[in-house]
Amino acid sequence: SLPILIRLFPTLLTKFVYLNFLAFPFFVDFRQPELLVNNTISLYLTTEPGVTVGIWHTVPGSRGAEAQGKDQRWYEEALADAHPVIIYLHGNGGTR
């Protein structure tokens, strides 16, 4: 009966394969990364009309003292300097 249910309800398969309805760790507000990770800010990029991607920008530990108490503008300017940027894609089943 499971193959028939999956055939009738493909969104059910998607939910169980990707588990995108789970937020782990539980009861954590991922919109405030500074509570979880030092020197981190939450930003949002509009990739195309109607699609917004949430990202975290974390500066390296060597710039940690400089980042203390800075606002979003400072983090955006830090992305534009000559330092390399590492993009980490966590996969399809997790959260930020």
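By the naming in an unreviewed UniProt entry, the protein goes by ABD12 lipase and is assigned to Drymodes brunneopygia.

Chemist: Help me out: how do you make sense of the overall build of the protein in this one?
Modeler: Secondary structure assignment for the protein yields 4 helices and 2 strands. When the helices and strands of the protein are listed from N to C terminus, the series reads α-α-β-β-α-α. Out of the 96 residues belonging to the protein, those deemed buried represent 16%. Pairs at least 24 residues apart make up 31% of the contacts formed inside the protein by residues separated by at least 6 positions.

Chemist: Just to check I follow, could you spell out the nonpolar core for this structure?
Modeler: Looking at soluble globular proteins, one finds that nonpolar side chains tend to be buried together. Counting residues in hydrophobic clusters, the biggest one holds 7 residues: Ile41, Leu43, Val59, Ala67, Trp74, Tyr75 and Ala78. Elements represented by at least two residues in this core include exactly β1 (40–48) and α4 (72–79). It is α4 that contributes the most residues to this core, 3 residues altogether. With near-sequence residues (within four places) excluded, isoleucine 41 lies in contact with Pro33, Ile55, Trp56, His57, Asp71, Gln72 and Tyr75.

Conventions used here
- Residues numbered from 1 in each chain as written.
- Predicted model: local features only at pLDDT ≥ 70, side-chain atom pairs only at ≥ 80, totals over all residues.
- Heavy atoms only, no water.
- Helix = DSSP H or I, 4+ residues; strand = E, 2+ residues; numbered from the N terminus.
- Buried < 20%, exposed > 50% of the residue type's maximum accessible area, 1.4 Å probe, protein only.
- Contact = heavy atoms within 4.5 Å.
- Core = buried A, V, L, I, M, F, W, Y, C linked by side-chain atoms within 4.5 Å.

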